[in-house]
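Structural features, examined
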Amino acid sequence: MRIDGSTRALVTGASRGIGRALAEALAGRGATVGLLARSADEVRALAAELPGEHVALPADVSDRASVERAVERFVAAAEGLDLAVANAGIARYGPFRETGVDAVEEMTAVNWLGTVYLVGAALPHLLDRAHGHVVVVSSGAGHRSFPGAAGYGATKAAQRMFGEALRHELSGTGVSLTMVYPGEVATDLHAHEKDRMPDWYRGGPRAASADALAAKVLTAMERDARAVHFPPLVRVLGAVHGLSPRLSDRVLRALRGATAAPRRD
Ligand SMILES: NC(=O)c1ccc[n+]([C@@H]2O[C@H](COP(=O)([O-])OP(=O)(O)OC[C@H]3O[C@@H](n4cnc5c(N)ncnc54)[C@H](OP(=O)(O)O)[C@@H]3O)[C@@H](O)[C@H]2O)c1
């Protein structure tokens, strides 16, 4: 799908991080962007700051009705929808025996159900016109789940399975889908849990840039690519893990130390 001044794009999690970088990149190409996040002031400020006309959509992706209202508001304001980006997400890292069921429920509601709510509300508009694109921001953790991220990885794998099947389901409809699998990107995703991050984690300010990822995602959409792995090592890790989880354990221990794969059996 070409991105230009006629593109109407709705991005969830647009107030900061990867979603904000995507919104900025889309606006930079002339698109009208629907900026969805819970922080009303931030999305309103961003809508005013970006070049062009944009729509602030304060909403909570874990609330189905809230997402459906936001999509309808955007479609009415922008007179249609061409692109829906399911990006909003949260992380609650830590061993499951410590973080417990509540953290998994919370991540499931935002990362996984939030994706389903957005795609469910957006898809009829795209299918009606037999034109458009869906982007789902999963994670490298959807390919290889890490200790301390059992619940997080599960929500990211759910997005992956959903998106991979949906891309095939959309064959011949004029609508397509691109999956995004970031590795460690410099955002505030883990800012609230710095003290709890596992030793294998190498994120933070020196991680890959959200702007560079956003540029790759725009190119991938325009090429109708099946997936973006960023940085490219994420693809290698996914392939190695698919062939032999034991081999990916060994590679990760070499790269990230013993905490990345403590068991050797
Ligand atoms: N950063 C990484 O290293 C990395 C790696 C792999 C995958 N990812 C994925 O990339 C996506 C974006 O993460 P990020 O790194 O950009 O994180 P971030 O900087 O923390 O941004 C998260 C965005 O999601 C929004 N959000 C959170 N809960 C929401 C809710 N209930 N309803 C609506 N919006 C909500 C936040 O806005 P409000 O708080 O204002 O609602 C914010 O705009 C996530 O799906 C994450 O899993 C990130």
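For the structure, check the block above.
My aim in this report is to walk through the structure given alongside it, one point at a time. Predicted model, so just to flag it, every value in this text is computed and none were measured. (Residues numbered from 1 in each chain as written. Predicted model: local features only at pLDDT ≥ 70, side-chain atom pairs only at ≥ 80, totals over all residues. Heavy atoms only, no water.)

Moving on, we get to the sheet that holds strand β7 (residues 227-230). Spatially, β3-β2-β1-β4-β5-β6-β7 is the arrangement adopted by the seven strands of the open sheet, whose pairing is parallel. On the outer flanks of this sheet lie β3 (55-58) and β7, each paired with one strand and no other. In this sheet, neighbouring strand axes are inclined to one another by 15° on average, regardless of whether the strands run parallel or antiparallel. Here strand β6 (residues 175-182) runs beside β7; their pairing, made up of four bridges, is parallel. Paired with Pro182 across the strands is Phe230, a residue of β7. Each of β4 (83-86), β5 (132-137), β6 and β7 touches helix α6 (residues 210-222); the most contacted strand, β7, lies at about 160° to it. (Pairing = 2+ DSSP bridges. Helix = DSSP H or I, 4+ residues; strand = E, 2+ residues; numbered from the N terminus. Axes fitted to C-alpha atoms, helices over the stretch in contact; angles between N-to-C directions. Contact = heavy atoms within 4.5 Å.)

Here the focus is the pairing of β7. It is a general feature of regular strands that their side chains alternate between the two faces of the sheet. Here β7 shows two buried faces, one formed by Ala227 and His229 and the other by Val228 and Phe230. Considered for its hand, the β-α-β crossover made up of β6, α6 and β7 is left-handed. (Buried < 20%, exposed > 50% of the residue type's maximum accessible area, 1.4 Å probe, protein only. Right-handed = clockwise from strand over helix to strand, strands pointing away.)

Now for the environment of Arg144. Secondary-structure assignment places Arg144 in the loop between β5 and α5 (150-169). Distance from Arg144 to Gly238, taken between C-alpha atoms, is 6.4 Å for residues 94 residues apart in sequence. Setting aside residues no more than four positions away along its own chain, Arg144 makes contact with Leu237, His241, Ser248, Asp249, Leu252, Ala260 and Ala261. Side-chain polar atoms of Arg144 contact the side chain of Asp249, separated by 2.3 Å. (Polar contact = N/O pair within 3.5 Å; in protein donor to acceptor, adjacent residues only side chain to side chain.)

A separate point is the side chain of Glu193. Here Glu193 is to be found in the loop between β6 and α6. One polar contact links Glu193 to His190, side chain to side chain, over a distance of 2.7 Å.

What follows covers the packing of aromatic side chains. This structure, assessed with the given rule, holds five aromatic pairs. Relative to Trp200, the ring of Tyr93 has its centre 6.1 Å away and its plane inclined at 45°; by these criteria the two rings are tilted. Of this pair, Tyr93 sits in the loop between β4 and α4 (96-128) while Trp200 sits in the loop between β6 and α6, and the two are 107 residues apart along the sequence. When sorted by exposure, Tyr93 lands in the same class as Trp200, which is buried. Sitting over the face of the ring of Phe146, Arg144 holds its NZ or CZ atom 5.1 Å from the ring centroid. (Phe/Tyr/Trp six-rings, centres within 6.5 Å; stacked < 30°, edge-to-face > 60°. Lys NZ or Arg CZ within 6 Å of the ring centre and 35° of its normal.)

The next point concerns helix α7 (residues 233-243). Those residues of α7 that sit buried are Val234, Leu237, Gly238 and Val240. Down the axis, α7 shows its buried residues gathered within 170° of arc, on one side only. Facing away from the buried side of α7, by more than 90 degrees, are the exposed residues Gly242 and Leu243. On its buried face, α7 is in contact with β6, β7 and α8 (245-256). (Arc of directions from axis to C-beta.)

Attention shifts here to the nonpolar core. Counting residues in each nonpolar core, the largest one holds 47 residues, and the members touching the most others are Leu10 and Leu123. Elements supplying a minimum of two residues to this core: β3, α3 (64-78), β4, α4, β5, α5, β6 and α7. A total of nine residues in this core trace back to one element, the largest contributor, which is α4. Ranked by size, the runner-up nonpolar core spans 36 residues in total, among them Met1, Ala21, Val137 and Ala208. (Core = buried A, V, L, I, M, F, W, Y, C linked by side-chain atoms within 4.5 Å.)

So, on to the site of the ligand. In the region of the ligand, 29 residues are neighbours, and Ser15, Arg38, Ser39, Tyr152 and Thr187 sit closest. Residue Val61 places a main-chain N or O atom 2.9 Å away from a nitrogen atom belonging to the ligand. Alone, the ligand offers 880 Å² of accessible surface; in the complex the protein occludes 97% of this. When contributions to the shell around the ligand are tallied by element, the ones reaching two or more residues are α1 (17-28) and α5. Of the residues in the shell around the ligand, the class split is 13 nonpolar, ten polar and six charged. (Near = heavy atom within 4 Å. Areas by Shrake-Rupley, 256 points an atom, 1.4 Å probe, with all protein chains shown as cover. Nonpolar A, V, L, I, M, F, W, Y, C, P; charged D, E, K, R; others polar.)

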